[in-house]
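Structure at a glance
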Amino acid sequence: MLRGEPPVALCEDVVRIFRTGSGQVTALRGVTAAFPRGAITAVVGPSGSGKSSLLRVLAGMDVPTSGSVVVAGRSIERASPRARRRLRRRDLGYVFPRPSDNFVPHLTVAQHVARIAPDRDVDATLEALGVRHRADHLPAQLSGGEQQRAAFAQAIAGGADIVVADEPTAELDDASERGILEAIRAIRARGVSFILATHDPAVTGIADVVVRLDHGEVVGGERPPVGPAMVVDPPRGSPRVGEIRLRVRDLVKTFGRGGDIVRAVDDVSFEAAGGELVGLIGRSGSGKTTLLSLIAGWERGDRGTVERPTGVLQGQPPWWEVAIVPQTLGLMDELTIRENVSSPAKLGGSLDDHAERIDGLLEALGLMPLEHRRPSETSAGEQQRAAVARALVLWPAILLVDEPTCHQDRGWTQAVLTAIRETCDAGTTCIMATHDEAARRFLDRTLAMHDGRLEPRTR
């Protein structure tokens, strides 16, 4: 980063308006910002502040409604779709906020890197990001954190001078996060420019420049924490606090990878009671997501059982019995935010009975102003809050949540965790996979996973 050197990217008076079925959404409002060459720039701000929209404009994935954008010496607002694709292929690597969106499902990790940079040392690139041992695996066989590191490997593999990443550490445990940040610093030292949208103080801490957004505008201050408390009382007949609601016995799940057998879940047993909020912690790839999928009935174990007092869970149970917030969120884009949140009640024929609960969740999680938008018209953080609200609507007996705050700023993290905690206090049993230190004070106890095995550990 040399004094007087032109920035690698420059926005001037950028406005971005999205047309929706209910009108229009102004995501960016006259944004002017410079992104220095050879520097790490953190784009920060609350969920829905316009961070992702700004990054998509910089990457040429969207064009501004008005204003000018110059990236790597090219004017984005006047460039053809072909020219913008060429920019991403030659000069700029992009990392999507949801790890799975960065991959073609049928290609291995090594094949993804090799197709971008056939002449480069694939093993060295993967080694730098800590995923060399996953080179021959498909994306679906990786944890969310491993997918994120592999996505970064793709972004830097082609020798791009600019890497744009949306929430690059959201799915990572502390050790994996440190590895990513060390890699970013090392690559920055070689002259690569990074533009990173983030809520993570660790990312902001290594940044050379911080661009702060709020409501689509560049601002100087930080918005205070937000999120009203829940107001809707649980229905009669909710699961009783203190009763054992979930029993996992001798659960095993293996995957065949090449000539190897990997035990993703290895002889796991535990119990959880009504009203308990149990944190499931461990490094990326330790088996947390696989364990949640087995409990949810999304995958079948090699042996062992998952039981409720009503018996052994078979297949995918209804929302009132087991609700899940997966890392992929699973929102339906043909439905509005309100319709997605309401869908469990509608499917169960109890929409009118849960109208107050639906309104309360939309209000508490900041979704009421977005209720008529489709998920694609909202930020990753807003989509995540919608997925949480959907899971809470029916006061489920068992709630499974996978990293529910990874796309939230400090204020909305508090709102999400409060909503989950209050649902548990009404009798729901919750198992929550998390790396978020802010979640610790909401938990009743933690279970630690390592290489598929579980060690009970009470806080």
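Just so we're clear, the structure is a prediction, and the values are computed from it rather than from any experiment.

Things to note about the overall build of the protein
Tallying secondary structure elements over the protein gives twelve helices and 20 strands in all. Per-residue burial over the protein gives 56% buried out of 459 residues. A separation of at least 24 residues holds for 72% of the contacts in the protein among residues at least 6 apart in sequence. About 19,600 Å² of surface is accessible on the protein, with carbon and sulfur atoms providing 47% of the total.

Description of the environment of H407
Tracing the chain through its elements places H407 in the loop between strand 17 (398–402) and helix 12 (410–425). Using a relative accessible area of 3% as the deciding quantity, one classes H407 as buried. Between the alpha carbons of H407 and T198 there is a distance of 8.3 Å; along the sequence they are 209 residues apart.

Regarding the pairing of strand 9 (residues 209–214)
When strand 3 (residues 40–44) meets strand 9, the two strands line up parallel, connected through four bridges. By the bridge assignment for strand 9, T41 is matched with V209. With two bridges joining them, strand 9 and strand 10 (residues 217–218) adopt antiparallel strand pairing. Each bridged residue has a counterpart across the sheet, and for L213 the counterpart in strand 10 is V218. Between the antiparallel neighbours strand 9 and strand 10 lie two residues, among them H215 with a positive phi of about 50°.

Looking at helix 12
The end-to-end C-alpha separation of helix 12 is 22 Å, in line with the 22 Å expected for 16 residues at 1.5 Å each. For helix 12, the buried fraction is high: twelve of the 16 residues fall into the buried class. Along helix 12, the positions that sit buried rather than exposed are G411, W412, T413, A415, V416, L417, T418, A419, I420, R421, T423 and C424. Where helix 12 is buried, its residues touch strand 13 (277–281), helix 10 (355–364), helix 11 (380–392), strand 17 and strand 18 (429–433). The backbone nitrogen of G411 has a side-chain oxygen 3.0 Å away, supplied by the residue at the start of helix 12, namely D409. Phi for G427, located one or two positions after helix 12, is positive at around 125°.

Topic: the state of the cysteines
Taken as a whole and assessed by the stated rule, the structure comprises zero disulfides. The thiol of C430 is unpaired, and the distance to the nearest cysteine sulfur, on C424, comes to 4.5 Å.

Examining the environment of G93
Within the secondary structure layout, G93 lies in strand 6 (residues 92–95). Taking C-alpha positions, G93 is 8.1 Å from A59, a pair spaced 34 residues apart along the chain. Discounting residues that sit within four places of it in the chain, G93 has contacts with A155, A160, I162, V163 and V164.

As for the nonpolar core
If you look at the biggest cluster of nonpolar residues, it comprises 36 residues, and the most contacted ones within it are I420 and M432. Listing elements by their share of this core, those giving two or more residues are strand 16 (322–325), helix 9 (337–347), helix 10, helix 11, strand 17, helix 12 and strand 18. For this core, the leading source of residues is helix 12, giving seven residues. What M432 contacts, discounting residues up to four positions off in sequence, is L277, V278, G279, L280, V401, P404, L417, I420, A439 and L443. Counting 35 residues, the second largest nonpolar core, distinct from the first, contains A110, V122, V131 and A157.

Overview of the environment of R149
Structurally, the position occupied by R149 is in helix 5 (residues 144–157). Measuring from C-alpha to C-alpha, the distance between R149 and E177 comes to 9.2 Å, with 28 residues separating the pair along the chain. Excluding anything up to four places from it in sequence, R149 contacts L129, G130, V131, L172, S176, I180 and S284.

Description of the sheet that holds strand 8 (residues 193–197)
The six strands are arranged 6-7-8-3-9-10 in an open sheet whose pairing can be described as mixed. On the outer flanks of this sheet lie strand 6 and strand 10, each paired with one strand and no other. Bridge count between strand 7 (residues 162–166) and strand 8: five bridges; the pairing is parallel. Considered in strand 8, the bridge of V163 is made with F194.

Describing the packing of aromatic side chains
Overall, the coordinates contain one aromatic pair when judged by the stated rule. Across the ring face of F18, the terminal group of R16 is positioned such that the distance to the ring centre comes to 4.2 Å. The cationic tip of R385 hangs over the ring face of W412; the distance from NZ or CZ to the ring centre is 4.2 Å.

A look at the pattern of salt bridges
One pass over the full model with this rule turns up 18 salt bridges. The salt bridge involving E127 is made with R132; its shortest N-O contact spans 3.9 Å. Salt bridges sharing partners connect three or more residues here, namely R16, R56 and D62.

What about unusual backbone geometry?
Positive phi outside glycine occurs at D13, with the angle close to 50°. The phi dihedral of W395 is positive, around 50°, even though this residue is not glycine. Mapped onto the elements of the fold, W395 is located in the loop between helix 11 and strand 17.

As for a positive patch on the surface
A contiguous patch of positive charge on the surface is contributed by R82, R85, R89 and R90. Along the chain, R90 falls in helix 2 (residues 81–90).

Focus: the confidence of the model for the protein
Averaged over every residue, the pLDDT of the protein is 85; residues scoring 70 or more account for 89%. Taken as a whole, residues 221–231 scores under 50 in pLDDT and shows 26 contacts with residues more than four places along the chain or in a different chain.

Describing the pairing of strand 13
Counting buried residues in strand 13 gives five out of five residues, a clear majority hidden from the surface. The two faces of strand 13 match: L277, G279 and I281 on one face and V278 and L280 on the other face are all buried. Both strand 13 and strand 18 contribute to a ladder of four bridges, which runs parallel. Bridge pairing in strand 18 places V278 opposite I431. As defined by bridge partners, strand 13 adjoins strand 19 (residues 445–450) across four bridges and the pair is classed as parallel. When the bridges of strand 19 are listed, L280 appears paired with L447.

Calculation criteria
Residues numbered from 1 in each chain as written. Predicted model: local features only at pLDDT ≥ 70, side-chain atom pairs only at ≥ 80, totals over all residues. Heavy atoms only, no water. Helix = DSSP H or I, 4+ residues; strand = E, 2+ residues; numbered from the N terminus. Buried < 20%, exposed > 50% of the residue type's maximum accessible area, 1.4 Å probe, protein only. Contact = heavy atoms within 4.5 Å. Areas by Shrake-Rupley, 256 points an atom, 1.4 Å probe, with all protein chains shown as cover. Pairing = 2+ DSSP bridges. Expected span 1.5 Å × (residues − 1). Polar contact = N/O pair within 3.5 Å; in protein donor to acceptor, adjacent residues only side chain to side chain. Disulfide = S-S within 2.5 Å. Core = buried A, V, L, I, M, F, W, Y, C linked by side-chain atoms within 4.5 Å. Phe/Tyr/Trp six-rings, centres within 6.5 Å; stacked < 30°, edge-to-face > 60°. Lys NZ or Arg CZ within 6 Å of the ring centre and 35° of its normal. Salt bridge = Lys/Arg side-chain N within 4 Å of Asp/Glu carboxyl O. Patch = residues over 30% accessible without salt bridge, like charges linked within 9 Å, V, L, I, M, F, W, Y side chains within 5 Å. Lys, Arg positive; Asp, Glu negative; His and termini not counted. Charge placed at Lys NZ, Arg CZ, Asp CG, Glu CD. pLDDT = per-residue confidence, 0-100.

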